[in-house]
Amino acid sequence: MHGGLGFSGKLCGVLTGGCCVLALHAGRGAPEESEDPRLTLMICDLVAWFEQEYGSQFGGIDCGDILNDDARNKLTRCPVIVMAVSRKVEEILAANANGT
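Let me sum up the structure you'll find in this document. What you are looking at is a predicted structure, and each value in this text was computed from that prediction instead of being measured.

Topic: the side chain of D36
Point 1. Tracing the chain through its elements places D36 in the loop between α1 (13-26) and α2 (39-58).
Point 2. A polar atom in the side chain of D36 sits 2.7 Å from the backbone nitrogen of R38.

Shown next as structure tokens:
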């Protein structure tokens, strides 16, 4: 069985989580607040980086692609991807720190 969004084997859960962290920092805190106008650009930056970094390496950004339909690959690939996405999210947030 794969992970991914809702254990569907689709979109990598690490990428989804990274987008959620960006939205937590730059999204709205309350309905009357406005989201940071850079949020969409930050998410697009993360997704483009992820596609270049892992989509090209594994032939796609779905969990099934990354794991190559072999759940044993979770042990080696997922931890590396989690750390890389974490660093990239920190980089994106730092680059957009003024005004957020």
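Don't stop here, the text continues.
Observations regarding the pattern of salt bridges
Two side chains of opposite charge can pair, provided their charged atoms sit close to one another.
Point 1. Under the counting rule described, the total for this entry stands at three salt bridges.
Point 2. Put simply, D70 and R72 hold a salt bridge, and the shortest N to O gap is 2.9 Å.
Point 3. Taking relative accessible area as the criterion, D70 reaches 23% and is therefore assigned partly exposed.

Remarks on the nonpolar core
Point 1. With 20 residues, the main nonpolar core has L46, F50, I81 and V85 as its most contacted residues.
Point 2. Looking at this core, the elements with two or more residues in it are α1, α2 and α4 (74-95).
Point 3. Among the elements that make up this core, the one with the highest residue count is α2 (seven residues).
Point 4. Not counting the four nearest positions on each side in its chain, V85 is found in contact with V14, G18, L46, W49 and F50.

What counts and how
Residues numbered from 1 in each chain as written. Predicted model: local features only at pLDDT ≥ 70, side-chain atom pairs only at ≥ 80, totals over all residues. Heavy atoms only, no water. Helix = DSSP H or I, 4+ residues; strand = E, 2+ residues; numbered from the N terminus. Polar contact = N/O pair within 3.5 Å; in protein donor to acceptor, adjacent residues only side chain to side chain. Salt bridge = Lys/Arg side-chain N within 4 Å of Asp/Glu carboxyl O. Buried < 20%, exposed > 50% of the residue type's maximum accessible area, 1.4 Å probe, protein only. Core = buried A, V, L, I, M, F, W, Y, C linked by side-chain atoms within 4.5 Å. Contact = heavy atoms within 4.5 Å.

It is worth stressing that arrangement in space is one thing and function is another; only the former is reported here.
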